[in-house]
Amino acid sequence: MDCRVVVEAAVPVYDVETPDEAVRIAISKTGELLNPDLNYVEISMGERTCPHCGDDLDPAFVAADESLVALELEMSVFNVEREEHASRIARKEIGQRLENIPLEVLSVEEEVSEEETESGESEGAADGA
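The paragraphs below set out a description of the structure included in this document. Since the model is a prediction, treat every value here as computed from it, not as a measurement.

Criteria and thresholds
- Residues numbered from 1 in each chain as written.
- Predicted model: local features only at pLDDT ≥ 70, side-chain atom pairs only at ≥ 80, totals over all residues.
- Heavy atoms only, no water.
- Patch = residues over 30% accessible without salt bridge, like charges linked within 9 Å, V, L, I, M, F, W, Y side chains within 5 Å.
- Areas by Shrake-Rupley, 256 points an atom, 1.4 Å probe, with all protein chains shown as cover.
- Salt bridge = Lys/Arg side-chain N within 4 Å of Asp/Glu carboxyl O.
- Lys, Arg positive; Asp, Glu negative; His and termini not counted.
- Charge placed at Lys NZ, Arg CZ, Asp CG, Glu CD.
- Helix = DSSP H or I, 4+ residues; strand = E, 2+ residues; numbered from the N terminus.
- Buried < 20%, exposed > 50% of the residue type's maximum accessible area, 1.4 Å probe, protein only.
- Contact = heavy atoms within 4.5 Å.
- Core = buried A, V, L, I, M, F, W, Y, C linked by side-chain atoms within 4.5 Å.
- Expected span 1.5 Å × (residues − 1).
- Arc of directions from axis to C-beta.
- Polar contact = N/O pair within 3.5 Å; in protein donor to acceptor, adjacent residues only side chain to side chain.

## Focus: a negative patch on the surface
- A cluster of acidic residues, D15, E17, D65 and E66, forms a negative patch on the protein surface.
- Tracing the backbone shows E66 in strand β6 (residues 66–77).
- Accessibility expressed as a relative area gives 44% for E66, which makes it partly exposed.

Written as C-alpha cells, this is what we have:
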C-alpha cells in the first residue's frame, strides 16, 4: 500500500516584520534543510483557524520580530503495511532533517495507483455486461 502523508511543522523564524516575510523565510529555510535528500517533499503554508470563532488566521504569528510559522509538508510513502506505519516513516524522515522543530501528522491517505483504477474500471465493465 502507498500513502500520502501530510505533516504540520512549527518553524521558528527570527528578525521578521510581517507574516508574509516570515512565511517566505520559513519555506526557504525548510527547503534548505530538506534538500537534496528529501527534495520530493512538498512544502506549503499551513492552514490555521481561530479555535473560538472559526475564522481563518495567517499561518505565521509575529511578535517582537520573531515568528512561528505553520507549514504543511507532504510526501508519499511506498510499500507500507498500514497508515500508522506510513505516518511513522514520514515523521522519521522529515524529523531527522528538521531537528528541534515540532511535527504533527495531519492526515494519511491511501494513494490509488493508475493500474488499480484501470483494473477496477475493466472489472466493473465486465460485471455489467
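## Side note on the side chain of E72
- Summarising the element assignment, E72 is placed in strand β6.
- With no salt bridge to any partner, buried E72 finds its closest opposite charge in R48, at an N-O distance of 10 Å.
- Ignoring anything within four residues of it in the chain, the contact list for E72 reads V6, V7, E42, I43, S44, M45, G46, E47 and L106.

## Remarks on the environment of I94
- Here I94 is to be found in helix α2 (residues 83–97).
- You can call I94 buried: its relative accessible area is 0%.

## Quick word on the nonpolar core
- With 27 residues, the main nonpolar core has V5, V11, V69, V77, A86, I94 and L98 as its most contacted residues.
- Elements supplying a minimum of two residues to this core: β1 (3–14), α1 (19–34), β6, α2 and β7 (103–110).
- A86 has contacts with C3, V5, V77, V80 and V108, leaving out every residue within four places of it along the chain.

## So, α1
- Over its 16 residues, α1 extends 22 Å from the first C-alpha to the last, a length consistent with the 22 Å expected when each residue adds 1.5 Å.
- Three or more residues of α1 are buried, namely A22, V23, A26, T30, G31 and L34. An end-on view of α1 places all buried positions within 160 degrees of arc, on one side of the element. What points out from α1, more than 90 degrees from its buried face, is the exposed set R24 and E32.
- Turning to α1, the residues buried within the fold contact β1, β2 (42–45), β5 (60–63), β6 and α2.

## Some words on the side chain of S67
- Along the chain, S67 turns up in strand β6.
- Relative accessible area serves as the criterion here: at 6%, S67 is assigned to the buried category.
- There is a polar contact of 3.1 Å between the side chain of S67 and the backbone oxygen of F61.
- Setting aside chain neighbours within four positions, we find S67 in contact with V11, P12, V13, V16, A22, A60, F61 and V62.

## A word on the environment of L68
- Its place among the elements puts L68 in strand β6.
- A sequence separation of 55 residues divides L68 from V13, and the C-alpha atoms of the two residues are 6.2 Å apart.
- When near neighbours in sequence (up to four residues on either side) are disregarded, L68 contacts A10, V11, P12, P59, A60 and F61.

## Focus on unusual backbone geometry
- Residue P36 follows N35 across a cis peptide bond; omega there is 0 degrees.
- Mapped onto the fold, P36 is located in the loop between α1 and β2.
- For N100, which is not glycine, the phi dihedral falls at a positive 65 degrees.
- Within the secondary structure, N100 is located in the loop between α2 and β7.

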